[in-house]
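# Breakdown of the fold
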Amino acid sequence: MKIFTEEEIRENIKIDTTVIQEIKSAFTDLYTKNVQMPPIMRVDIPENKAEVDVKTAYIPGYKSFALKVSSGFFNNYKYGLPSTGGLMFLISAINGQPEALLYDNGYLTDVRTAAAGAVAADYLANETIDVVGVIGAGAQARYQVEALRFVRDFQHVHIYSKTKKRVLEFKQEMEEKLDIIVSVKDSPEEVARGSDLIITTTPAEEPVLQREWIQPGTHITAMGADAPYKQELDPKILQMADFVVCDVIDQCEVCGELKHAIEANLMDKKNVFELGQLTSQKQKLRDRDDAITVTDLTGTGVQDTKIALYVYKKLIETVESNNK
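Another aspect to go through is the packing of aromatic side chains. Inspection of every chain in the model, using the stated rule, returns three aromatic pairs. Centroid distance Phe 4 to Tyr 312: 6.4 Å. Interplanar angle 75 degrees. Geometry classified as edge-to-face. With Phe 4 in strand 1 (residues 2–4) and Tyr 312 in helix 11 (residues 301–322), this residue pair connects regions lying 308 residues apart in the sequence. Tyr 312 matches Phe 4 in its accessibility class, with the two residues each being buried. On the numbers, 6.0 Å between centres and 70 degrees between planes, the contact of Tyr 107 with Tyr 143 is edge-to-face. Placement of Tyr 107 in helix 3 (residues 107–124) and of Tyr 143 in helix 4 (residues 139–148) is noted, with a sequence separation of 36 residues between them. A relative accessible area of 5% means that Tyr 107 is categorised as buried.

This brings us to the environment of Gly 224. Inspection of the secondary structure puts Gly 224 in the loop between strand 11 (219–222) and helix 7 (235–240). Using a relative accessible area of 8% as the deciding quantity, one classes Gly 224 as buried. Separated by 25 residues in sequence, Gly 224 and Ile 199 place their C-alpha atoms 9.5 Å apart. Dropping the residues within four chain positions of it, Gly 224 is found in contact with Thr 200, Thr 202, Lys 230 and Glu 232.

Attention shifts here to helix 4. Along helix 4, nine of the 10 residues are buried, which leaves the element largely enclosed by surrounding structure. When helix 4 is considered as a whole, its buried residues turn out to be Gln 140, Ala 141, Arg 142, Tyr 143, Gln 144, Val 145, Glu 146, Ala 147 and Leu 148.

Inspection of the secondary structure puts Thr 56 in strand 3 (residues 50–57). Separated by 2.5 Å, the side chain of Thr 56 and the backbone oxygen of Ala 66 make a polar contact. Non-local contacts of Thr 56, meaning those with residues more than four positions away in its chain, are made with Gln 36, Met 37, Pro 38, Phe 65, Ala 66, Leu 67 and Gly 301.

A few words on the sheet that holds strand 2 (residues 41–45). The strands that make up a sheet are held in pairs by hydrogen bonds between backbone atoms, and each pair lies either parallel or antiparallel. With mixed pairing, six strands are arranged side by side in an open sheet as 1-6-5-4-3-2. Here the strands that pair on one side only, and so sit at the sheet edges, are strand 1 and strand 2. Adjacent strand axes in the sheet meet at a mean angle of 10 degrees, parallel and antiparallel pairs treated alike. With nine bridges connecting them, strand 4 (residues 64–73) and strand 5 (residues 84–92) associate as antiparallel partners. What sits directly across from Val 69, in strand 5, is Leu 87.

Right, let's talk about the pattern of salt bridges for a bit. Under the counting rule described, the total for this entry stands at 25 salt bridges. Note that Arg 152 is salt-bridged to Asp 122, the shortest N-O span being 3.0 Å. In this pair, Arg 152 is assigned in the loop between helix 4 and strand 8 (156–160) and Asp 122 in helix 3, connecting sequence segments 30 residues apart. Of the charged contacts in the structure, one is a salt bridge between Glu 169 and Lys 165, with a shortest N-O distance of 2.6 Å. In this pair, Glu 169 and Lys 165 are both assigned in helix 5 (residues 164–178), four residues apart and thus about one turn of the helix distant. A relative accessible area of 57% places Lys 165 in the exposed class.

This brings us to the environment of Glu 173. Residue position: Glu 173 is located in helix 5. Take Glu 173: its relative accessible area is 31%, and that puts it in the partly exposed class. For the pair Glu 173 and Val 69, spaced 104 residues apart in sequence, the C-alpha separation works out to 28 Å.

Here Asn 75 lies in the loop between strand 4 and strand 5. For Asn 75, the side chain forms a polar contact with the main-chain oxygen of Asn 48, separated by 3.5 Å.

Take helix 5 next. An ideal rise of 1.5 Å per residue puts 21 Å on 15 residues; helix 5 measures up with 21 Å between its terminal C-alpha atoms. Within helix 5, the full set of buried residues consists of Val 167, Phe 170, Met 174 and Leu 178. Taken end-on, helix 5 shows its buried residues confined to a sector of 60 degrees, consistent with a single buried face. Opposite its buried face, helix 5 presents the exposed residues Lys 164, Lys 165 and Glu 176, each directed more than 90 degrees away. Phi turns positive one or two residues past the end of helix 5, at Asp 179, with a value near 55 degrees.

On to empty space enclosed by the protein. All told, the structure shown has one cavity of 30 Å³ or more when counted by the stated rule. Approximately 30 Å³ is the volume attributed to the largest cavity. Around the largest cavity sit Met 37, Pro 38, Ile 40, Lys 55, Thr 56, Gln 251, Gly 299, Thr 300 and Gly 301, which together line it. For the lining of the largest cavity, the residue count by class is three nonpolar, five polar and one charged.

Here the focus is the packing of helix 2 (residues 17–32) against helix 11. Viewed as axis vectors pointing N to C, helix 2 and helix 11 meet at an angle of 135 degrees, and their least axial separation amounts to 9 Å. Relative to helix 11, the element helix 2 lies oblique. Like other packed secondary-structure pairs, helix 2 and helix 11 cross with a definite hand, here right-handed. For the pair helix 2 and helix 11, contact is made by Thr 18, Val 19, Glu 22, Ile 23, Ser 25, Ala 26, Phe 27, Asp 29 and Leu 30 and by Val 302, Gln 303, Lys 306, Ile 307 and Tyr 310, respectively. Tallied by class, the residues present in the contact of helix 2 with helix 11 amount to eight nonpolar, three polar and three charged.

Calculation criteria
- Residues numbered from 1 in each chain as written.
- Predicted model: local features only at pLDDT ≥ 70, side-chain atom pairs only at ≥ 80, totals over all residues.
- Heavy atoms only, no water.
- Phe/Tyr/Trp six-rings, centres within 6.5 Å; stacked < 30°, edge-to-face > 60°.
- Helix = DSSP H or I, 4+ residues; strand = E, 2+ residues; numbered from the N terminus.
- Buried < 20%, exposed > 50% of the residue type's maximum accessible area, 1.4 Å probe, protein only.
- Contact = heavy atoms within 4.5 Å.
- Polar contact = N/O pair within 3.5 Å; in protein donor to acceptor, adjacent residues only side chain to side chain.
- Pairing = 2+ DSSP bridges.
- Axes fitted to C-alpha atoms, helices over the stretch in contact; angles between N-to-C directions.
- Salt bridge = Lys/Arg side-chain N within 4 Å of Asp/Glu carboxyl O.
- Expected span 1.5 Å × (residues − 1).
- Arc of directions from axis to C-beta.
- 1 Å grid on protein atoms, 1.4 Å probe; cavity = no way out; pocket = protein on both sides within 12 Å on 5 of 7 lines; lining within 4 Å.
- Points joined across faces, edges and corners; volume = space filled by probe spheres on them.
- Nonpolar A, V, L, I, M, F, W, Y, C, P; charged D, E, K, R; others polar.
- Parallel < 35°, antiparallel > 145°, perpendicular 65-115°, else oblique.
- Left-handed = near helix turned anticlockwise from the far one by under 90°.

Purely geometric numbers; function is a separate question.
Quick look at the structure:
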């Protein structure tokens, strides 16, 4: 079994158009093929505000699949540690033998999640945007903005987070890396009212965005609610949205924003779609500039298998090239 370290993976894998295309194809496969993807297995550790998830999926036509263990310990910022971690195994779909261990420490989960946000925005957001609003200032906030830049051109980011230090770090890093202007705001409301596209990246357990703050034409990518008790959006936002797009509808009904809207009797699901419907049919739902759209991302095993297969192939090619 081959073992690759976080350093090797980070050195060879960056968010780019190829990675975004790989994740786009993952959603297409999920919708068009008989993908075997069991429900998420989760262990919650409430006293440490933590969770560990296990995700996997087998995509027909591939010789291997991934088993991913990911952790979220959301008090880690107090200790100067990243909130996410984990690793991926590649397992042969032919004989069941382990083929590789990708000890990415959560990096590939961050990358594939950001790529999913970019895919969703490409199909749902207005073609022309100027201000991107971000709620949360952790690693995923950075990756989401970085990935979004590959599908939309924007010059301003408005950000809010409860953690002042991380907001300032975000501002410095994004301004230097993307040559944009980052403005720190005093509240989620101030971010929302001034943004064309909003990204929520928090482990919130009650809404951080309210319906009355959302402006006509806004697209929202919500990726923080990946457990039944998590919630970033006022359910009335989904009710008023022209289109709601989930990574997997059944999963979002259990642990996404869609769950809370259904429980509040605010959704009949007639305007709810899966991202794979859009990517496979190459159609964009947005039919006017003032439409409001929402993407509910809970994270899928098919994304993990697709990114792991891509990374493994690229790493093997690098090793072979270095050995010549």
